[in-house]
Amino acid sequence: MTHHAFDTTSAPTRHVWLAWLIFAVIWFGTIGHNVLIHPDEGRYASISLGMLQSGDWLSPRLNGLLYFEKPALPYWLGALSFQWFGVNEFAARLWPALAGFLSIALVGFTAGRLWGREAGHLSAMIMGGSSWVMLNSHFLNLDTGLTAFLTLSLCAFLLSQQEDAGQTTRRGWMWLCWAGMAGATLCKGLIGIAIPGAVLVLYSLLSRQFTLWRRLHLITGLIILLLLTAPWLVLVSMKNPDFAHFFFIHEHVQRFLTTEHRRTGPVWYFVPYLLVGFMPWITLLPAVLAQGLRREGRCLVQPERLLLIWALFVFVFFSVSGSKLPSYILPMFPALALLAGRALADQRPAMLFKHMIVPVCLWIALLVASFLVRRWVSADTPLAVLQSLAHHVQLAAVVFLVGAACAWRFLALERLTAAVIMLSLASLAALSLVEVGYNAYAQLKSSKEIVQTLQPTADTEVFSVRTYDQTLPFYLRRDVVLVDYVDEFELGEHIEPSHWIPTLDGFVARWQAAPRALAFLSEDTYQQLKAQGLPMRIAYQDPRRLVVAKP
């Protein structure tokens, strides 16, 4: 049988490293291109920048107000990134991009150790080419970092429980597993412990395996967990008496059990995100399920069974939660990729032919839809914005279809791993092009252009009246004064009432006293203030935003 460049079972290793190099260049090459958008990217970038500017690395603040919804580790990493690489979009998104890339590498390493080198490459490329992993890794959020640490915990546990692992090896991997849970906890709270703990309990009950609990190094593991998580939790609680109740009760218990956070959705909310998010591998899900139900040998821990339980638990847990966001199911994707890589490694290359049909059809459908963008034009979404996105979708579709054709050729030559690598690179490149094209639309959800246009001086007071753009403090490089706006600032405004203006009358008095001022507001608020005779002129206006200046 003839050897080809990407045949990782027999081809020179340099070809595999070349594929990884191309993957890394595409992966990190676009993270600084787009503006930050409202709300998540602006929120988390502003908190990190505020830490760097104030020097207070203990108590997170959003727009100058205490903000305890999430732990501090992602903000620390963001602040360090700004310090090392400058205050820009690349630095803001570096941590989630790095977290996603490291998750892919961990999946590949673990699959390789468990099932062989080919399974490792397959699992890594399946995860790296998955649309939901790529898109969330190129967007400033907290779930990608959470997923990275949970992946570390999951993979370290699987490696620690190998039957041929010695006592020292098992202890080392288990300590790393506990450290992963600590990192996940410092990224997003107790969910970093709840997911691994619940999965282990479920696995023990369903498999009737309880002796594995003796191999967890519980005492030393708990010490590691506490040493890594307790210092910040204790210190921030000592400095801020309101922290403990808000963080543990409001942000954990009430968020899960109630709809108070207004992030509701039906029980099937995550189904479309799973179907689109696991593209181009979505038709492998039945094989993933079958692989997870297989039992191999008499191992105390069946990796496939545990991975299936992990994926299903994450999906069900967030589906029944009272608070839902699309990125919440991201931690199930490493388990899916491991199972899919394991399933593919045992298949003939020709089997993948039929699985390429759905993603090819999807990109053809997107190509056709891109020529119909006029249908989506509206008062706040101009044609020029949609046309820019459409042109990039067209180019992305061509790139994916060419990559799919190359993958098809590799399959004909019975080069399964080469085909998967090619399909993964095609998916990554196509999604990157769509992401670049999205920047024109992103401008409508970002204040960067407004700040660059107005260029307010340091002595210009900037107000945000009954509205708030999360990107505004980041691009201003300083806080704004909130007026008659609460939302997620409720705790901070309660603790420090002097840091905001609760009424419109209070704003009017402050505006009149200010030598120079700008105010971001809605059309309705503008008309109300205009009727009161408040001196102001429109300084900036687009289909979605309005800014007035003091004459």
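For the structure, see preceding data.
If you're wondering where the values come from, they're calculated on a predicted model, not measured in any experiment.

**Observations regarding unusual backbone geometry**
Here's step 1: The omega angle of the peptide bond from histidine 38 to proline 39 is 5 degrees, so this bond is cis rather than trans.
Here's step 2: Tracing the backbone shows proline 39 in the loop between helix 1 (13-29) and helix 2 (40-54).
Here's step 3: In this structure, the amide linkage connecting methionine 279 to the following residue, proline 280, adopts the cis form with an omega of 5 degrees.
Here's step 4: In this structure, proline 280 sits in the loop between helix 12 (271-277) and helix 13 (285-293).
Here's step 5: A positive phi angle, close to 55 degrees, is found at arginine 208, a residue other than glycine.
Here's step 6: Assignment of secondary structure puts arginine 208 in the loop between helix 9 (191-207) and helix 10 (218-239).
Here's step 7: A relative accessible area of 73% places arginine 208 in the exposed class.

**Quick look at the pairing of strand 3 (residues 461-465)**
Here's step 1: Burial analysis of strand 3 places 4 of its 5 residues in the buried class, which makes it a mostly covered element.
Here's step 2: As defined by bridge partners, strand 3 adjoins strand 5 (residues 517-521) across 4 bridges and the pair is classed as parallel. When the bridges of strand 5 are listed, serine 464 appears paired with phenylalanine 520.
Here's step 3: Two strands pair when backbone bridges link them, and strand 3 and strand 4 (residues 481-483) are joined in this way by 3 bridges, in the parallel orientation. Of the residues in strand 4, the one forming a bridge with phenylalanine 463 is valine 481.

**Things to note about the packing of helix 13 against helix 15 (residues 333-345)**
Here's step 1: Running from N to C, helix 13 and helix 15 point in directions that differ by 90 degrees, and their axes come no closer than 9 Å. The pairing of helix 13 with helix 15 is recorded here as roughly perpendicular in orientation. Residues Leu285, Ala287, Val288, Gln291 and Gly292 of helix 13 form the contact with helix 15, whose participating residues are Leu336, Leu339, Ala340, Arg342 and Ala343.
Here's step 2: Here the contact of helix 13 with helix 15 is built from residues that sort into 7 nonpolar, 2 polar and 1 charged.

**With respect to the sheet that holds strand 4**
Here's step 1: Strand order in the open sheet made by the 5 strands is 4-3-5-7-6, with mixed pairing throughout. Each edge of the open sheet carries a strand with a single partner, namely strand 4 and strand 6 (537-541). The sheet shows a mean angle of 25 degrees between the axes of neighbouring strands, direction not considered.
Here's step 2: Contacts between helix 24 (residues 504-513) and the sheet are confined to strand 3, strand 4, strand 5 and strand 7 (546-549), with strand 3 contributing the most and set at about 160 degrees to the helix.
Here's step 3: The strands that helix 25 (residues 523-531) touches are strand 3, strand 5, strand 6 and strand 7; relative to strand 5, the one it contacts most, it runs at about 130 degrees.

The rules behind the values
- Residues numbered from 1 in each chain as written.
- Predicted model: local features only at pLDDT ≥ 70, side-chain atom pairs only at ≥ 80, totals over all residues.
- Heavy atoms only, no water.
- Helix = DSSP H or I, 4+ residues; strand = E, 2+ residues; numbered from the N terminus.
- Buried < 20%, exposed > 50% of the residue type's maximum accessible area, 1.4 Å probe, protein only.
- Pairing = 2+ DSSP bridges.
- Axes fitted to C-alpha atoms, helices over the stretch in contact; angles between N-to-C directions.
- Parallel < 35°, antiparallel > 145°, perpendicular 65-115°, else oblique.
- Contact = heavy atoms within 4.5 Å.
- Nonpolar A, V, L, I, M, F, W, Y, C, P; charged D, E, K, R; others polar.

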